[in-house]
Amino acid sequence: MKVLISLCLIWIIVPIIDCRFFDSDYSVKAFRQHKLFTDTTSEQLTKDLIIYHQVIRDYHNLDPLVHSSVLESYARHRAILISYWDQDAYPISDSLHVGENVWFQPNETLTNATTVIRGWYYQQLTNYNYSEPKITPRNQNFAQIVWKETTQLGCGQVYSSRSVSDPNKSGTYTVCHYFKAGLTPSQESINIPPPQSITPLTVNPRNLETIIEGMVKNLINDKSNQI
């Protein structure tokens, strides 16, 4: 009960998120102690998701996103809310001015960044038509990753043993929040550039995945050698 009351208070007190003013001091310690949830956000997951976003956006000739601890903190709370109430039953409010990508991996206690990006990007990029640009539920995660006006990113992950609507639904919920929010209607053509050196009408997800995975691996190795 205390967990839900705390979340409700946060929701009321912080109706609008602005990365310059949003209070990032609240923690997720109370939720980590709750038997239904395990906060599986790790430094490695955060780094890998940042690198994936960096490589993908670079391949679309876009600036990298800056990691925001504020957005990460809120994403970790959102992961708990979504896992408890179910994603479809608890959509993010438009008044928050934050973009959101959610990935649910059933029956897993931990999901890596590669799996998340495969669902958000590789599996959705061919659902976006550059000739007739339009955001749909089948491409909105891809669109948010490569939205030009977005500048900041924060992600969180939670393992949930069950939800309110389905006591047998277990798995991990990975949430990334973006500021500025993307997916603005009629702004697609100027905010979603195609991958470089690839004709938009002939994008091959398998070839693109091979290219990007190679770039991510090289970048991770370079960072490891610098440590």
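Anything mentioned here points back to the structure above.
Remember, it's a predicted structure, so these values are computed and weren't measured experimentally.

## Quick look at unusual backbone geometry
Reasoning step 1: With an omega dihedral of -5 degrees, the bond running from Phe179 to Lys180 counts as a cis peptide bond.
Reasoning step 2: Relative to the helices and strands, Lys180 is located in the loop between β5 (171-179) and α7 (188-191).
Reasoning step 3: Non-glycine residue Ser186 carries a positive phi angle of around 75 degrees.
Reasoning step 4: By the element assignment, Ser186 lies in the loop between β5 and α7.

## Considering the state of the cysteines
Reasoning step 1: In this structure the tally under the stated criterion is one disulfide.
Reasoning step 2: Note that Cys155 is cross-linked by a disulfide to Cys176, the S-S spacing being 2.0 Å. Judged by the torsion about the S-S bond (100 degrees), the Cys155/Cys176 disulfide is right-handed. You can see Cys155 sitting in strand β4 (residues 152-160) and its partner Cys176 sitting in strand β5, a full 21 residues away along the chain. In this pair, the class of Cys155 matches that of Cys176, namely buried.

## Observations concerning the packing of aromatic side chains
We describe a pair of aromatic rings using the distance from one ring centre to the other and the angle between the two ring planes.
Reasoning step 1: Scanning the entire structure with this criterion turns up five aromatic pairs.
Reasoning step 2: Ring centres of Tyr121 and Phe142 lie 5.6 Å apart, and the angle between their planes is 40 degrees; this geometry places the pair in the tilted category. Taken together, the residues Tyr121 in helix α5 (residues 113-122) and Phe142 in helix α6 (residues 140-145) connect sequence positions 21 residues apart. By the burial criterion, Tyr121 is buried, and Phe142 matches it.
Reasoning step 3: Aromatic side chains Tyr128 and Tyr130 sit 4.9 Å apart centroid to centroid with 85 degrees between the ring planes, which places their arrangement in the edge-to-face category.
Reasoning step 4: Judged by its relative accessible area of 4%, Tyr128 is buried.
Reasoning step 5: For Tyr130, a relative accessible area of 19% puts it in the buried group.

What counts, and at which threshold
- Residues numbered from 1 in each chain as written.
- Predicted model: local features only at pLDDT ≥ 70, side-chain atom pairs only at ≥ 80, totals over all residues.
- Heavy atoms only, no water.
- Helix = DSSP H or I, 4+ residues; strand = E, 2+ residues; numbered from the N terminus.
- Disulfide = S-S within 2.5 Å.
- Buried < 20%, exposed > 50% of the residue type's maximum accessible area, 1.4 Å probe, protein only.
- Phe/Tyr/Trp six-rings, centres within 6.5 Å; stacked < 30°, edge-to-face > 60°.

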